[in-house]
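# Overview (structure and organization)
Each chain, written out:
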Amino acid sequence: MITPAGPLEGEITISGAKNSVLKLMAATTLAAGVHTIYNVPDIHDVDVMCRLLESMGARTERRDGLVEIEIGDLEPVAPFALVEQMRASTAVLGPLIARFGRVELGIPGGDDFGHRPIDMHLTGLETLGAQFEARPEGVIGTTPGLKGAVVTLAFPSVGATENLMMAATLATGTTVIDNAAREPEIADLASMLNKMGARITGSGTPQITIEGVDRLEAVTHRVIPDRIHAATYMAATGLAGGEVVLREARYDQMDMVCQKFGEMGVRTSPCRDGIWVMGRERPTAVDLSTLPYPGVATDYKPFLVALLTVAEGTSIVTENLFAGRFKYVDELVKLGAKVRTDGNHAIIRGVERLSGGEVVSHDIRAGAALVIAALGATAETVVLDDGHIARGYPDLAGDLRSLGADVRVSAG
Ligand code: UD1
């Protein structure tokens with residue numbers, strides 16, 4: 001329940017990145033021993049990844065913002081019941097086949113991997129010498145041993161780059177990933193793998209080179225801050241007005257989106273503790289397109305669209321990564337937004353204020369976008385959320401309250 005309030009004032013600390021920690025946890029399966037990962041966000045998807053690792057025989061323990069993972073001999077089988085809950089489960093594919101020579105990933109439906117295929121993960125690993133078979137219970141992979149090769153990705157897929165990079169660490173010889181994704185979370189993963197003893201160069205660039213090693217060791221690693229959270233609170237500041245500091249946030253990993261916020265009238269700048277944000281006037285309309293990093297990430301889009309619903313002028317937002325990622329727009333319209341979607345485009349005619357109402361959140365980012373959109377409305381809004389927001393945000397409502405917003409959560 002969100003009662004409009006503002007301006008937002010104060011500081012919040014940005015927690016570790018969901019899209020990084022889940023992959024770092026998957027990477028622990030590459031080496032026996034006790035791994036410790038710090039700055040772990042208290043979110044549901046981390047629990048799911050712990051359960052997935054435990055189901056294979058690992059021991060996990062979470063306390064005080066860290067997760068300890070003890071890896072021994074694992075059964076390299078990721079069961080459907082867990083995989084279907086979380087797309088990021090596919091990150092165990094590369095490390096498991098590299099270390100154990102076999103893997104089973106419980107994705108139903110044989111070759112039909114639904115709306116988010118993993119064909120590039122599989123063909124990339126096949127280039128390294130793996131063989132995959134689609135069975136009713138999932139994908140089964142085997143290899144007599146992975147061998148380094150040049151893999152050119154048809155698209156810079158984040159997940160495929162991560163799976164290939166992890167698998168190649170234990171392959172014989174050198175692997176080159178061309179047209180690799182460049183997201184900061186990939187550089188974070190490479191940095192942990194290198195601490196484990198891997199030999200990776202070029203992460204964060206379109207060409208990553210991995211020289212295979214015989215074995216890796218358990219390590220300690222700190223997760224990078226969540227740039228998607230930071231963008232959520234930037235947009236919130238734009239919607240409610242105010243001045244906030246996002247401690248720990250990394251400006252250098254958010255260049256392009258900060259530039260876009262600037263064009264909309266939300267000022268950001270790096271400061272000693274993180275990023276300083278100020279929203280003082282009604283936002284200005286802008287056009288934007290989502291692109292792989294360093295472009296504006298698709299995950300930022302719901303917050304940017306929420307902000308543009310109250311901008312002065314008309315904006316066109318184009319989605320280039322995932323078809324049909326505009327489901328939340330219908331909910332914004334219920335709050336009085338004037339948005340029309342046409343294929344991969346949303347045309348947003350800014351209104352002065354949204355009106356409040358009752359809306360439904362369909363996924364993590366859309367849920368957060370509806371909550372922040374409601375901050376600047378004229379009346380109370382209820383966002384019905386079936387646990388989606390908790391999958392990605394440790395305490396969205398608490399963070400907004402600590403900045404002076406009136407956001408309450410009730411169970412049931
Ligand atoms: C990751 C992020 C997600 C983000 C996305 C793009 C995690 C847990 N998720 O998802 O939040 O929105 O990056 O920045 O880190 N594709 C294929 N075949 C493949 C792989 C991908 O066709 O084998 C397509 C996808 O359907 C999509 C595009 O490539 O259209 C990008 O996907 P990808 O970069 O792989 O995203 P994810 O790693 O799934």
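The written sequence of each chain sets the order in which its residues are numbered from 1. Owing to the predicted nature of the model, reporting of local features is limited to residues with pLDDT of at least 70; listing and counting of side-chain atom pairs is limited to 80 or more, with chain, interface and lining totals taken over all residues. Only hydrogens and water are set aside when side-chain values are computed; all heavy atoms of the structure are taken into account.

## Focus: the pairing of strand 13 (residues 207-211)
Each residue's exposure class comes from its accessible area (1.4 Å probe, protein chains only) as a fraction of the maximum for that residue type: buried when under 20%, exposed when over 50%, partly exposed otherwise. Secondary structure elements follow DSSP: runs of H or I of four or more residues count as helices, runs of E of two or more count as strands, with numbering from the N terminus. By the alternation rule, side chains of strand 13 split into I208 and I210, which are all buried, and Q207, T209 and E211, of which none is buried. Pairing between strands is defined by DSSP: at least two bridges between them are needed. Relative to strand 13, strand 11 (residues 174-178) is paired through 5 bridges, and the arrangement is antiparallel. Considered in strand 13, the bridge of T174 is made with E211. Sheet topology note: the strand 12 (residues 199-201)/strand 13 ladder contains 3 bridges and is antiparallel. Across the sheet, residue R199 finds its bridge partner in strand 13, namely E211. Turn length for the strand 12-strand 13 hairpin, with the two strands adjacent in sequence and antiparallel, is 5 residues, and the turn residue G202 shows positive phi of about 90 degrees.

## A look at the domain arrangement of the protein chain
Throughout, the edges of the domains are those of an automatic or database domain assignment. In terms of domains, the protein chain is made up of domain 1 (2-15 + 226-407) and domain 2 (18-212). Domain 1 and domain 2 are separated by 30 Å when their C-alpha centres are compared. Taken residue by residue, the interface counts 19 residues in domain 1 and 16 residues in domain 2. Throughout, buried area stands for the accessible area (probe radius 1.4 Å) lost by two parts on being put together, summed over both. Interface area, domain 1 with domain 2, both sides summed: about 1400 Å², of which 54% is carbon and sulfur. The largest share of the area that domain 1 buries against domain 2 comes from R227, Y293 and R391, three residues that together contribute 38% of it. Any carboxyl oxygen of Asp or Glu within 4 Å of a side-chain nitrogen of Lys or Arg constitutes a salt bridge here. Taken together, the connections running from domain 1 to domain 2 amount to 2 salt bridges. Between R227 and E185 there is a salt bridge, and its shortest N-O distance comes to 2.8 Å. Here a polar contact is recorded for every N or O atom pair within 3.5 Å, except that within protein the pair must consist of a potential hydrogen donor and a potential acceptor, and residues adjacent in sequence are included only if both atoms are side-chain atoms. Run the count over domain 1 and domain 2 and you get 5 residue pairs in polar contact (both at pLDDT 80 or more). Here a residue-residue contact requires only that any non-hydrogen atoms of the pair lie within 4.5 Å.

## Let's talk about the side chain of E183
Relative to the assigned elements, E183 resides in the loop between strand 11 and helix 7 (184-195). Note that His is not counted, nor are the chain ends; the positive residues are Lys and Arg, and the negative ones are Asp and Glu. Here E183 sits buried without a salt bridge, and the closest side chain of opposite charge, R227, lies 4.8 Å off (N-O distance). Setting aside chain neighbours within four positions, we find E183 in contact with V158, R227, P292 and Y293.

## Remarks on the site of the ligand
Working definition: residue near molecule or strand if any one of its non-hydrogen atoms lies within 4 Å of it. Around the ligand, 20 residues are found, and the nearest of them are D119, M120, S157, D299 and L321. A distance of 3.1 Å is found between an oxygen atom of the ligand and a side-chain nitrogen or oxygen belonging to N19. M120 is positioned such that a nitrogen or oxygen atom in its backbone is 2.7 Å from an oxygen atom of the ligand. In these tables, accessible area is a Shrake-Rupley quantity obtained with a 1.4 Å probe, and a residue counts as shielded only by the protein chains included in the view. If the ligand stood free it would expose 750 Å²; the protein chains cover 88% of that surface. Secondary-structure elements contributing two or more residues to the shell around the ligand are helix 1 (18-27), helix 5 (119-127) and helix 6 (158-168). The element best represented in the shell around the ligand is helix 5, accounting for 3 residues. In terms of residue class, the shell around the ligand is built from 8 nonpolar, 5 polar and 7 charged. In this count, Pro and Cys sit with the nonpolar residues alongside Ala, Val, Leu, Ile, Met, Phe, Trp and Tyr, while Asp, Glu, Lys and Arg are called charged and the others, Gly among them, polar.

## What to know about the side chain of T161
Relative to the assigned elements, T161 resides in helix 6. Here T161 falls in the buried class, since its relative accessible area comes to 0%. At a separation of 3.0 Å, a polar atom in the side chain of T161 contacts the main-chain amide nitrogen of A181. Setting aside its immediate chain neighbours within four residues, T161 contacts L153, I177, A180, A181, I186 and I208.

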